[in-house]
Amino acid sequence: MAEPDLGPAGRTTHRVRVVSSAGIVAAVLLAVLLVPPLVQLDQQAVDLAAKLRPPSWQHPFGTDDVGRDLLLRCVYGLRVSLLVGVVAGLTATVIGTAVGALAAAFGGWTDRVVMRLVDTFSSVPHLLLGIFIVAMFRPGVGPVIVSVALTHWLSTARIVRSEVLSLRSRPFIDAAISGGASRGRVVVRHLLPAVLPQAGLAAVLMVPHAMWHESALSFLGLGLPTHQASLGNLVQTARGSLLAGDWWPTLFPGLFLVIPTLALAGLAGAWRERINPRRRSELML
């Protein structure tokens, strides 16, 4: 589908937003993929003689409270947080797509039961339910991914269900059913491929949401182990330094969390306008 007509100024702003967002995402991916194998430094190396040094040529982001290089720690933390966000976001999207498609395709009591379960889970705050899930396991990447995935598929299920309900009345679905296609075949061959663009957009939007959720859990001490670098852990361990007037241990991990989030949101917004310019706010999660 062609881009919506936004006028010259709107098209320029749109293009700048897309290009800058794509550049930031590319830089993030290059950093998390190339820095750890290329930089032969231990991000856990402690140097108490260099603790809490402000940004300099030797340490562009400064050092933390035990003398570790903060730039390297931020890259490793972004790597872990991005891994959690991608895996949890994809898992939540798969669950939500399957549940929403099956509920709408089968309809009747199946649709009513499934959507009442969705409403029940939605009534519980995501963070509270996530805390309950991770509290049953030892801190680690796996429990955090499970926690985020099991608490963030609900919006995707609603979106996919509404799309499938609108597709069920299309002539090509009636033709497939009249031709003898089973309900399962209609779902797999016709309905699911038609909602894949919407599901893909939901997955992209879910990644930064999952990163923030992981950061919140780690900040509360319920996510990753404290010795493992993640953006939430870096912000959590920097609270004492901030109170003492040392701003860099908190600022740079926060920027590493905020900037990729805005970049992914910019790309998702461009994708949303391309696949459905008349309903730009439908997939806001």
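The sections below set out a description of the structure shown in this document. (Residues numbered from 1 in each chain as written. Predicted model: local features only at pLDDT ≥ 70, side-chain atom pairs only at ≥ 80, totals over all residues. Heavy atoms only, no water.)

Structural notes on the packing of helix H2 (residues 70–106) against helix H6 (residues 154–167)
Point 1. Where H2 contacts H6, the two axes come as close as 7 Å, and the packing angle between them is 35 degrees. In the packing of H2 onto H6, the handedness of the crossing is right-handed. Of the residues in H6, those touching H2 at Thr-93, Gly-96, Thr-97, Val-99, Gly-100, Ala-101, Ala-104 and Ala-105 are Thr-156, Ala-157, Val-160, Arg-161, Val-164 and Leu-165.
Point 2. In the contact of H2 with H6, the residues fall into eight nonpolar, five polar and one charged. (Axes fitted to C-alpha atoms, helices over the stretch in contact; angles between N-to-C directions. Helix = DSSP H or I, 4+ residues; strand = E, 2+ residues; numbered from the N terminus. Left-handed = near helix turned anticlockwise from the far one by under 90°. Contact = heavy atoms within 4.5 Å. Nonpolar A, V, L, I, M, F, W, Y, C, P; charged D, E, K, R; others polar.)

Remarks on H2
Point 1. With 37 residues, H2 ought to run about 54 Å at 1.5 Å a step, and its terminal C-alpha atoms sit 53 Å apart, in line with that.
Point 2. Where H2 starts, the residue carrying a side-chain oxygen 3.3 Å from the main-chain nitrogen of Leu-71 turns out to be Asp-69.
Point 3. Taken from the residues just after H2, Gly-107 is the one with a positive phi, measuring 60 degrees. (Expected span 1.5 Å × (residues − 1). Polar contact = N/O pair within 3.5 Å; in protein donor to acceptor, adjacent residues only side chain to side chain.)

Side note on the side chain of Ser-81
Point 1. Looking at the secondary structure, you find Ser-81 in helix H2.
Point 2. Among the polar contacts made by the side chain of Ser-81, one reaches the main-chain amide nitrogen of Leu-231 at a distance of 3.3 Å.
Point 3. Those residues within four positions of Ser-81 in sequence are excluded, and the remaining contacts are Met-211, Glu-214, Ser-230 and Leu-231.

Some points on the pattern of salt bridges
Side-chain pairing between opposite charges can occur once the charged atoms of the two side chains come close.
Point 1. In total, this model carries four salt bridges according to the counting rule given.
Point 2. Among the salt bridges present, the one from Asp-64 reaches Arg-68, with a minimum N-O distance of 2.8 Å. For the pair Asp-64 and Arg-68, one class covers both residues: buried.
Point 3. The shortest N-O distance in the salt bridge between Arg-116 and Asp-119 comes to 2.9 Å. A residue pair is termed a helical-turn pair when its members lie 3 or 4 positions apart in one helix, as Arg-116 and Asp-119 do in helix H3 (residues 108–122) at three residues.
Point 4. Residue Asp-119 is classed as partly exposed on the basis of its relative accessible area of 33%. (Salt bridge = Lys/Arg side-chain N within 4 Å of Asp/Glu carboxyl O. Buried < 20%, exposed > 50% of the residue type's maximum accessible area, 1.4 Å probe, protein only.)

What to know about the packing of aromatic side chains
Point 1. One pass over the structure, following the stated rule, counts five aromatic pairs.
Point 2. Ring centres 4.1 Å apart and planes at 5 degrees place the aromatic pair Phe-61 and Phe-252 in the stacked group. Pair noted here: Phe-61 is in the loop between helix H1 (7–38) and H2 and Phe-252 is in helix H11 (residues 248–275), with a separation of 191 residues, a long-range link. No difference in accessibility class separates Phe-61 from Phe-252, as the two residues are buried.
Point 3. When the ring of Trp-247 is compared with that of Phe-252, the centres are 6.1 Å apart and the planes differ by 45 degrees; the resulting orientation is tilted.
Point 4. Residue class for Trp-247 comes out partly exposed when judged on its relative accessible area of 41%.
Point 5. Positioned above the aromatic ring of Phe-219 is the side chain of Arg-239, whose terminal nitrogen or guanidinium carbon lies 5.3 Å from the ring centre. (Phe/Tyr/Trp six-rings, centres within 6.5 Å; stacked < 30°, edge-to-face > 60°. Lys NZ or Arg CZ within 6 Å of the ring centre and 35° of its normal.)

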